[in-house]
Amino acid sequence: MVLTQWMLNDLLNGLTAPSGSLYLPPDIDPHTLVESLADRHGAPRTLVLEGFTDPTVDDSRGAVLLDLLEGRGVTIRVWAYGDQWIGAGTARDAEGVVRPVLATAPRRTQAPRAEALVRMPAGADEDWVGQLIGITGWTLPPRRPDADWGRTEARLGTRLPGDYKRMVETFGEGAFDAYLALNQEPWTDLREHGLLVWAGTEHEDLYCWRMDDGDPDRWHVAVQTFDGRVVPFDCSAAEFVCRILLDPSHPFTMAHYFDTHWFMNYRESE
């Protein structure tokens, strides 16, 4: 059976909310099922491989899916998507037959309260990357711990803000809420306007720094919108991301779309 994205939508919609599992017909290829979900949600993490469960799996990494499948998983991959875990692969049904399976379960993070974050003054002395790790429920090890920033900065002719480098080292290649794509190296397209681009969105907004200070850690964010406006903010890159994820009143908010946030990995490893 050819698994189309339309069929996959129907299968996901057919699962019982807020959680459920569905054993699929044997003519559905589990590899195609996983690849179809990866096309949507990025690189998965592995919960079970050939019957062996990752010993580090806990509730923050999708263990609720294993409980849902009652320990019958054979090979299970998992994705974070908003307030859901989505799992797919193979599992043994009630008769012990290995079949393709699809499952969803609620996902929660230990995110800081939005109200507390909104009350913080812009530019507050805060570990914003640490806040971002909490907001997204990030549990994977750093994706790019050995990034060669010396070479990158030499090529760009400038040092880069420390919080940006830590974001790239921590999260690697991907997008917050599958929407805000983090550049692995700043783009120089707007440099003649005093801007260096560190992220962008599918709506063609470009998230930049204003390079108006000799100390990159004092650079503030400016957004060049799809229609060419430049909107300044008095905060760093990591603080900006935290605020647009949680603050529904922010002019570039993403808080209206998801109550629980995540980082979509484009690659399993760097």
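Everything here concerns the structure above.
The rules behind the values
- Residues numbered from 1 in each chain as written.
- Predicted model: local features only at pLDDT ≥ 70, side-chain atom pairs only at ≥ 80, totals over all residues.
- Heavy atoms only, no water.
- Helix = DSSP H or I, 4+ residues; strand = E, 2+ residues; numbered from the N terminus.
- Core = buried A, V, L, I, M, F, W, Y, C linked by side-chain atoms within 4.5 Å.
- Buried < 20%, exposed > 50% of the residue type's maximum accessible area, 1.4 Å probe, protein only.
- Contact = heavy atoms within 4.5 Å.
- Pairing = 2+ DSSP bridges.
- Axes fitted to C-alpha atoms, helices over the stretch in contact; angles between N-to-C directions.
- Salt bridge = Lys/Arg side-chain N within 4 Å of Asp/Glu carboxyl O.
- Phe/Tyr/Trp six-rings, centres within 6.5 Å; stacked < 30°, edge-to-face > 60°.
- Lys NZ or Arg CZ within 6 Å of the ring centre and 35° of its normal.

Asker: Explain unusual backbone geometry here, please?
Answerer: Glycine aside, residues mostly have negative phi, and peptide bonds are mostly found in the trans state. Positive phi outside glycine occurs at Glu50, with the angle close to 50°. Structurally, Glu50 can be placed in the loop between β2 (45-49) and β3 (52-53). One non-glycine residue, Glu70, adopts positive backbone phi at about 55°.

Asker: Help me understand the nonpolar core in this model?
Answerer: The nonpolar side chains of soluble globular proteins are, as a tendency, buried together. With 40 residues, the main nonpolar core has Met167, Leu180, Trp198, Tyr207 and Phe240 as its most contacted residues. Elements represented by at least two residues in this core include exactly α5 (128-136), α6 (149-156), α7 (162-171), β8 (180-187), β9 (195-201), β10 (206-210), β11 (220-224) and α8 (237-246). In this view, Leu180 contacts Gly174, Ala175, Trp198, Ala199, Gly200, Tyr207, Val241, Ile244 and Met254; residues no more than four positions away in its chain are not counted. If you look at the next biggest cluster of nonpolar residues, it comprises 17 residues, including Val57, Leu65, Ala91 and Met264.

Asker: Looking at this structure, I do not really get the sheet that holds strand β4 (residues 73-81). What am I missing?
Answerer: Spatial strand order, β1-β6-β5-β4-β2-β3: six strands in an open sheet with antiparallel pairing. Only two strands of the sheet have a single partner each, and these edge strands are β1 (20-23) and β3. Across eight bridges, β4 lies against strand β5 (residues 84-92) in antiparallel orientation. Residue pairing for β5: Gly73 is matched across the bridge by Ala91. Packing against the sheet, helix α1 (residues 5-13) makes contact with β1, β5 and β6 (98-106), and its axis sits at approximately 60° to β6. Helix α2 (residues 30-41) contacts β4, β5 and β6 of the sheet and is inclined by roughly 170° relative to β5.

Asker: How should the pairing of β10 be read in this particular structure?
Answerer: Walk down a regular strand and you will see the side chains alternate between the two sheet faces. A large share of β10 lies buried, amounting to four of its five residues. One ladder, built from five bridges, connects β9 with β10; its direction is antiparallel. Bridged to Leu195 within β10 is Arg210. As paired elements, β10 and β11 share five bridges and run antiparallel to each other. If you follow Arg210 over to β11, its bridge partner there is His220.

Asker: How should the pattern of salt bridges be read in this particular structure?
Answerer: When the charged atoms of two side chains lie near each other, side chains of opposite charge can form a pair. The final tally for this structure, using the stated rule, is 11 salt bridges. Here Asp148 makes a salt bridge to Arg151, at a shortest N to O gap of 3.7 Å. Using a relative accessible area of 58% as the deciding quantity, one classes Arg151 as exposed. Between Asp227 and Arg229 there is a salt bridge; the shortest N-O distance is 3.5 Å. By relative accessible area, which is 47% here, Asp227 ends up partly exposed.

Asker: Even after reading the chapter, I still don't get the packing of aromatic side chains, so can you show me in this structure?
Answerer: Between two aromatic rings, the relevant description is the distance of the centres plus the angle of the planes. Inspection of every chain in the model, using the stated rule, returns 18 aromatic pairs. An angle of 65° between the planes, with centres 5.3 Å apart, marks the rings of Tyr81 and Trp262 as edge-to-face. Of this pair, Tyr81 sits in strand β4 while Trp262 sits in the loop between α8 and β13 (263-265), placing them 181 residues apart in sequence. In this structure Tyr81 comes out as partly exposed when scored by relative accessible area, which is 30%. Between Trp198 and Trp209, the ring centres sit 6.3 Å apart and the planes meet at 35°, which makes this aromatic pair tilted. Taken together, the residues Trp198 in strand β9 and Trp209 in strand β10 connect sequence positions 11 residues apart. On the basis of relative accessible area, Trp198 is assigned to the buried category, the value being 0%. Three or more aromatic residues joined by ring pairs form one cluster here, namely Trp149, Tyr164, Trp198, Tyr207, Trp209, Trp219, Phe233, Phe240 and Phe252. The side chain of Arg107 reaches across the aromatic face of Trp85, ending 5.5 Å from its centre.

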